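An overview of the molecular structure
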Amino acid sequence: MFRLTLTFAGKPIRKFNFDQDAVCIGRDPDCEILIDNIGVSRKHATIEKANGEYILTDLKSHNGTFVRGQRIYHHQLRDGDEFFIGKYSLSFENLDIDTEPAPSAPEVKNPGMQEMTFRLDKSEIEKIMGASSIGNVPKIAQIAPESETRTVRLDKDYFFIGKAPMADLRISGAFVPWLAAVLVQEEKRFVIFSLRKRRTVIVNGQRVRKHLLADGDLFQIGRRKFRFALS
């Protein structure tokens, strides 16, 4: 048995318990976890039990499945692992290793389509996220080109940059990747990961695959330049 907790914008939406050996996640009505969102493929990913282990498999989805900032195709899930599909995260709990019965939770093994579908408009997102917290929050400021200058608060655990509709910071351009980079919060610090093999992210003049951002760091994606600030 295992449990998945679906989270949006850092706020848990629902917990799902499964006692079968395989489940599918996606937009297709046949999926055990149905997420009706443009950033999710019809058959996006599966979790299957094999030789006592649970394996997360990306089904060649358009936007990918990510674990710790890395796009994965196969990943052995361990208790407490978190993976990302679009703007959603799912936390995995292996109930096989529990020594005591798991706390009761809503039974969702055979959920109805209406119960399992998430269409989040702006008002629903605001309800989930609640009021913005007051205080210092890390930010990225786009400083070039001048026509696109803006400042964005990094007020959640991960932050996608690219031209995909589901990106948290959308940037345009003929050579801008669908998803160029992701910022992941690790122990109150942010790490930027390039999501392309040719390392489209430049930090302080150096092309990087992964970089722990410090206050004042400059990074660049295509012609777009950004400054990271801790507050």
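Residues numbered from 1 in each chain as written. Predicted model: local features only at pLDDT ≥ 70, side-chain atom pairs only at ≥ 80, totals over all residues. Heavy atoms only, no water.

1. Describing the overall build of the protein
Counting secondary structure elements, the protein contains 2 helices and 22 strands. A buried classification covers 43% of the 231 residues belonging to the protein. Expressed as a percentage of contacts within the protein between residues at least 6 apart in sequence, the contacts between residues at least 24 apart total 38%. Accessible surface for the protein amounts to roughly 12,600 Å². Of this, 48% is attributable to carbon and sulfur atoms. (Helix = DSSP H or I, 4+ residues; strand = E, 2+ residues; numbered from the N terminus. Buried < 20%, exposed > 50% of the residue type's maximum accessible area, 1.4 Å probe, protein only. Contact = heavy atoms within 4.5 Å. Areas by Shrake-Rupley, 256 points an atom, 1.4 Å probe, with all protein chains shown as cover.)

2. A word on the layout of surface pockets
The computed volume of the second largest pocket comes to approximately 260 Å³. The wall of the second largest pocket is formed by 15 residues, among which Phe175, Val176, Ile221, Gly222 and Arg223 lie closest to the centre. Residues that form the lining of the second largest pocket fall into these classes: 6 nonpolar, 5 polar and 4 charged. (1 Å grid on protein atoms, 1.4 Å probe; cavity = no way out; pocket = protein on both sides within 12 Å on 5 of 7 lines; lining within 4 Å. Points joined across faces, edges and corners; volume = space filled by probe spheres on them. Nonpolar A, V, L, I, M, F, W, Y, C, P; charged D, E, K, R; others polar.)

3. Some words on the pairing of strand E12 (residues 139-144)
Pairing of E12 with strand E13 (residues 150-153) involves 4 bridges; the strand directions are antiparallel. Counterpart to Ala141 in the pairing with E13 is Thr151. Connecting the antiparallel pair E12 and E13 is a turn made up of 5 residues. With 5 bridges joining them, E12 and strand E22 (residues 224-229) adopt antiparallel strand pairing. Residue pairing across strands places Ile140 opposite Phe228, the latter belonging to E22. (Pairing = 2+ DSSP bridges.)

4. Details of unusual backbone geometry
When glycine is set aside, most residues are seen to have a negative phi, and most peptide bonds are trans. Cis geometry is adopted by the peptide bond preceding Pro145, which originates at Ala144 and carries an omega value of -5°. Turning to its location among the elements, Pro145 is positioned in the loop between E12 and E13. Its identity as a non-glycine residue notwithstanding, Arg68 has a phi of 50°, on the positive side. Relative to the elements of secondary structure, Arg68 occurs in the loop between strand E7 (65-67) and strand E8 (70-72).

5. Concerning the sheet that holds strand E6 (residues 53-58)
Reading across the sheet, the 5 strands line up as E4-E3-E5-E6-E9 and stay open at both edges, with mixed pairing between neighbours. Each end of this open sheet is capped by a strand with a single partner; those strands are strand E4 (33-34) and strand E9 (74-77). Strand direction decides the pairing type here: strand E3 (residues 22-26) and strand E5 (residues 45-50), joined by 4 bridges, are antiparallel. Each bridged residue has a counterpart across the sheet, and for Ile25 the counterpart in E5 is Ala45.

6. Overview of the confidence of the model for the protein
Averaged over all residues, the pLDDT of the protein is 82; the fraction at 70 or higher stands at 83%. Confidence over residues 105-122 falls short of pLDDT 50; this stretch has 35 contacts with residues more than four positions distant or in other chains. Under a pLDDT of 50 for its full length, residues 131-135 has, in the predicted model, 3 contacts with residues more than four places off or in other chains. (pLDDT = per-residue confidence, 0-100.)

7. Comments concerning the packing of aromatic side chains
One pass over the full model with this rule turns up 10 aromatic pairs. One aromatic cluster is present, built from ring pairs that chain together Phe2, Phe18, Tyr54 and Phe92. Looking at Lys156, its charged tip hangs above the ring of Tyr158, at a distance of 4.8 Å from the centre. (Phe/Tyr/Trp six-rings, centres within 6.5 Å; stacked < 30°, edge-to-face > 60°. Lys NZ or Arg CZ within 6 Å of the ring centre and 35° of its normal.)

8. Structural notes on the sheet that holds E12
Read from one edge of the open sheet, 6 strands run E13-E12-E22-E21-E18-E19, paired in antiparallel fashion. The open sheet has two edge strands, E13 and strand E19 (206-208), and neither has a second partner. Between one strand axis and the next, the sheet turns by 30° as a mean value, whatever way the strands run. Two strands pair when backbone bridges link them, and strand E18 (residues 201-203) and E19 are joined in this way by 3 bridges, in the antiparallel orientation. (Axes fitted to C-alpha atoms, helices over the stretch in contact; angles between N-to-C directions.)

9. Here's the deal with the side chain of Thr7
Among the structural elements, Thr7 can be located in strand E1 (residues 2-8). Setting aside its immediate chain neighbours within four residues, Thr7 contacts Pro12, Ile13, Lys87, Tyr88 and Ser89.

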